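If you want the building blocks of each chain, they are given just below.
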Amino acid sequence: MRAWVGALLLLASLGAARAEEVVASLSQNQVSITAFFDGSEIFVFGAVKRYSPPPADAGPLQVLVSIVGPIGPVTVRRKERVAGIWINTDEVIVDRAPYFYANASTVPVREMLSHTDQMRNQIGLPWLVDLRGAPEEIADPFDFRDAVVRLRSSEGLYSELPGAVRLVDETLFDVSVPLPANLVEGDYTARVFLTRDRQVVDSFETTIAVRRSGLEDWIYRLAQDQALIYGLLSVALALALGWAAAALFRYLRP
Amino acid sequence: MQLYLPIAEVSVNLFLLLGLGTIVGVLSGMFGVGGGFLLTPLLIFIGIPPAVAVATQAPQITGLSFSGTLAHLRRRTVDIKMGLVLLAGGLLGSLIGVRIFKWLSEMGQVELLVSLCYVVFLGVIGGLMFIESLNTLRKSRKPGTVKRRQRHVWVHRLPFKMRFRTSHLYISAIPPFAIGFFVGILSAIMGVGGGFIMVPAMIYIIGMPTAVVVGTSLFQIMFVTAFTTILHATQNYTVDTMLALLLLVGGVVGAQFGAIIAVKMKAEQLRIALALMVLAVCLKLAFDLIVTPDDLYSLTVGT
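Fair warning: this is a prediction, and the values are worked out from it, not measured in the lab.

Novice: When you look at the interface of chain B and chain A in this model, what are you seeing that I'm missing?
Specialist: Interface size is commonly expressed as the accessible area that is lost once the parts come together. Across the contact, 54 residues belong to chain B and 56 residues belong to chain A. Approximately 4900 Å² of surface area, both sides summed, lies buried where chain B meets chain A, with 65% of it carried by carbon and sulfur atoms. Of all residues in chain B, the largest losses of buried area upon contact with chain A belong to Y4, Y297 and L299 of chain B, amounting jointly to 16% of the total for that side. Joining chain B to chain A, the criterion identifies two salt bridges. The shortest N-O distance in the salt bridge between E9 of chain B and R212 of chain A comes to 2.3 Å.

Novice: Explain the UniProt feature "transmembrane region" (unreviewed entry) in chain B to me, please; I cannot follow it from the model alone.
Specialist: Residues and elements named next belong to chain B. Mapped onto this numbering, the UniProt entry gives "transmembrane region" (unreviewed entry) at residues 12-31, 37-59, 80-100, 112-131, 169-197, 203-231, 243-263 and 269-287. Structurally, residues 12-31 is divided into 90% helix and 10% strand, and its ends, taken at the C-alpha atoms, are 28 Å apart. With 100% helix and 0% strand, residues 269-287 has end C-alpha atoms that lie 27 Å from one another.

Novice: Can you help me understand unusual backbone geometry in this one?
Specialist: Across residues other than glycine, the phi torsion is negative in most instances, and most of the peptide bonds are trans. Backbone geometry places Q122 of chain A, a non-glycine residue, at a positive phi of 55 degrees. Position of Q122 of chain A among the secondary structure elements: in the loop between α3 (115-120) and α4 (125-128). A positive phi is found at Y237 of chain B, a non-glycine position, where the angle reads about 55 degrees. Mapping Y237 of chain B onto the fold places it in the loop between α8 (210-235) and α9 (241-263).

Novice: Help me out: how do you make sense of the domain arrangement of chain A in this one?
Specialist: All names here are of chain A. What the domain assignment reports for chain A is domain 1 (22-211) and domain 2 (213-254). Once you take the C-alpha centre of each, domain 1 and domain 2 turn out to be 40 Å apart. Listed per partner, the contact involves six residues of domain 1 and four residues of domain 2. Here domain 1 and domain 2 share an interface that buries about 360 Å² over both sides, 38% of which is from carbon and sulfur atoms. On the domain 1 side of the contact with domain 2, I33, A35 and E185 bury the most area, a combined 69% of that side's loss. Remark: the boundary between domain 1 and domain 2 carries one salt bridge. One salt bridge connects E185 with R221, and the closest N-O pair in it is separated by 3.2 Å. In this structure, the connection of domain 1 to domain 2 is made through two residue pairs in polar contact (both at pLDDT 80 or more). Of the residues belonging to the side of domain 1 that touches domain 2, the class tally is two nonpolar, two polar and two charged.

Novice: Can you walk me through the pattern of salt bridges in this structure?
Specialist: Where side chains of opposite charge bring their charged atoms close, a pairing between them can arise. In total, this model carries 18 salt bridges over all chains according to the counting rule given. The salt bridge involving E185 of chain A is made with R212 of chain A; its shortest N-O contact spans 3.1 Å. Note that E185 of chain A is positioned in the loop between β10 (172-179) and β11 (186-196) and R212 of chain A in strand β12 (residues 199-212), a separation of 27 residues in sequence. Take R212 of chain A: its relative accessible area is 4%, and that puts it in the buried class. A single network of salt bridges, built from pairs that share partners, joins E185, R212, D217 and R221 of chain A together with E9 of chain B.

Novice: Just checking my understanding: could you explain the environment of A211 of chain B for this structure?
Specialist: All names here are of chain B. Of note, A211 is situated in helix α8. On the accessibility criterion, A211 (55% relative accessible area) is exposed. Placed 139 residues apart in sequence, A211 and H72 show a C-alpha to C-alpha distance of 10.0 Å.

What counts, and where the lines are drawn
Residues numbered from 1 in each chain as written. Chains lettered and ligands numbered in written order. Predicted model: local features only at pLDDT ≥ 70, side-chain atom pairs only at ≥ 80, totals over all residues. Heavy atoms only, no water. Contact = heavy atoms within 4.5 Å. Buried area = accessible area lost by both parts, 1.4 Å probe. Salt bridge = Lys/Arg side-chain N within 4 Å of Asp/Glu carboxyl O. UniProt positions renumbered as here; feature names shortened; annotations may be inferred. Helix = DSSP H or I, 4+ residues; strand = E, 2+ residues; numbered from the N terminus. Domains from an automatic or database assignment. Polar contact = N/O pair within 3.5 Å; in protein donor to acceptor, adjacent residues only side chain to side chain. Nonpolar A, V, L, I, M, F, W, Y, C, P; charged D, E, K, R; others polar. Buried < 20%, exposed > 50% of the residue type's maximum accessible area, 1.4 Å probe, protein only.

In C-alpha cells form, the structure reads like this:
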C-alpha cells in the first residue's frame, strides 16, 4: 500500500515537472512487403501539449524522430590478400545492430541532446551498434563495428536526417522518413523525443510492424517450414513450365 | 517495375530479370549449352546473394533441360541406360556438393569457392575450345587429312563392363559414373547443369556417338538439378522459386530464337564465339578476385 502511494506521488511529481507533452501518430503502423514492394514512407506527425507556457529562460524546443528496425547480431568478415587473391579471413560478430535506423531531427543530435541523455535513451548508432567482444587475435575489432555502420549507410539502411523534422511554432511537427526497398520483416520501433536545453522533456513510442504479405509471405513460410514440399513444388513448377514451353513451340513451329 | 524476391530478400527490376533470362536463353539456344555458367555470375553482379544465385539456378536448369530432353526423346537421341549410370554418379555428387556448399557458406567462403570454380573451369574449357576451333578453322582452309577421333585405351580395361546399345558401346560403368559424379558436384556448387564438362567428356573419354551426347547429357542434367533443388531447398533454404520461374520464362523463349540464329551461322564461328564468351566471363571473375575490392568488409545477418 505504501509502495503504491509512493509510486503515485512520484508520478504526480513527474507530471508536474513535465509541463510539455508530446502527442504523436504515424501514417501507418503496418508496412506490407508485397511482391511489388518498392520502399515506403512513414509519415510521423504530432503536436506539443502544454499546461503552462515554458519558462522564459528555457532554450528552444527540439524534436527528434527515431525509427529503428529489427535488432540482431551481424557477422562481419574482412578480406585479405592471400596468394594474390582476396579472401575472407578475419571474422567478428557484432552482437547487436539494427537492420534499419533513421534519426530525423530539427537540428543535429549533438546540439539538442546531451551525451548522457543520448546514452540513457539509446539514441544514435554509437549505442545501437554494439560490439561486446571479439576474438583476441584481432587487433582492431572496432573497424568491424564501423564497417557495419558504413556498409548499411551506403545501402540506405542507416540514415541521419538532421533538419528533416519540421517544427511550427514549437507546437506542430512532422517528418517523412523513407523506408528502402530492401526492408526486412520485423517489428520496428518509432520514437519521438521533445528536448529543451539538451535534455529530454517527453517522449512517445510505438511499434511499426513490417510483414511480408500475400504470395511473398506464403512462399517464404513454405520455404522455411515445409522445405521438402517447397523443393518438390519448385521442381514441379519448373518442369511444368519447361513442358509448356516445349509444347507451345512445337505447336508454333511443327 | 521492381519485384521483391521472397527468398533472396532483394528488390530487383522485373524486366531486367526477364531480359537476362532471354539473353542467356538466346545464347543457350545458339550454342546448345545450358547457360548456367553465364547466368550465375550475372545474377551475382546484379545483387542476388551468391548462395541464392547458385541454388536458384538448379530448378531453372531443370525446366530448361526438360524441354530439351522431351525433344531428344522424340528423336530417340537419348541413351537412357548411359543416362542412368551418369545419373547415379550425379546424384551422389550433388549430395556431396550441397554438403560442401553448406559447410563453406557457414565459413563465409561460398563466394570465393564459386568464383574460383568458375575461373578454373571456364578458363580451361574456354581456352581448349578456343585453341581447337582456331585449329579447325586453319585446317578447313587447306585440305589435309582428317584426324580420327582417338578413344582412350585405359577406359576399356576397367571392370564392371556394361552394354550400351544406343551408343553401340561395351565399356566399364566406372567412367560414366565418375563423370556423372564430378558433374553432380559442380552442379551443386556452381549452379550449372554441367553440360559444358559432360559433353566433351562423353565424346572424348567415353567415346559416345555425337548424335546421342546432347540428349543424354540433358536427361542426366534434368534429374540431377531436380535433386539439387530439393537438397538446396531443404538444407540451405536458398532456392528462390519466383526468381527461377522468371528466368525460365525468359530462357525458354530466348532459346527458341537462339536455335533459329544458330542455323544461320557456321559451326566454327559459333564455337569461336562461345569460346570467347566463356573466356570473357572467366577473365571478369578472375579480375574481381585479384583487384582490391571497394570495401574489404562484408556483412551477414546472424551469427
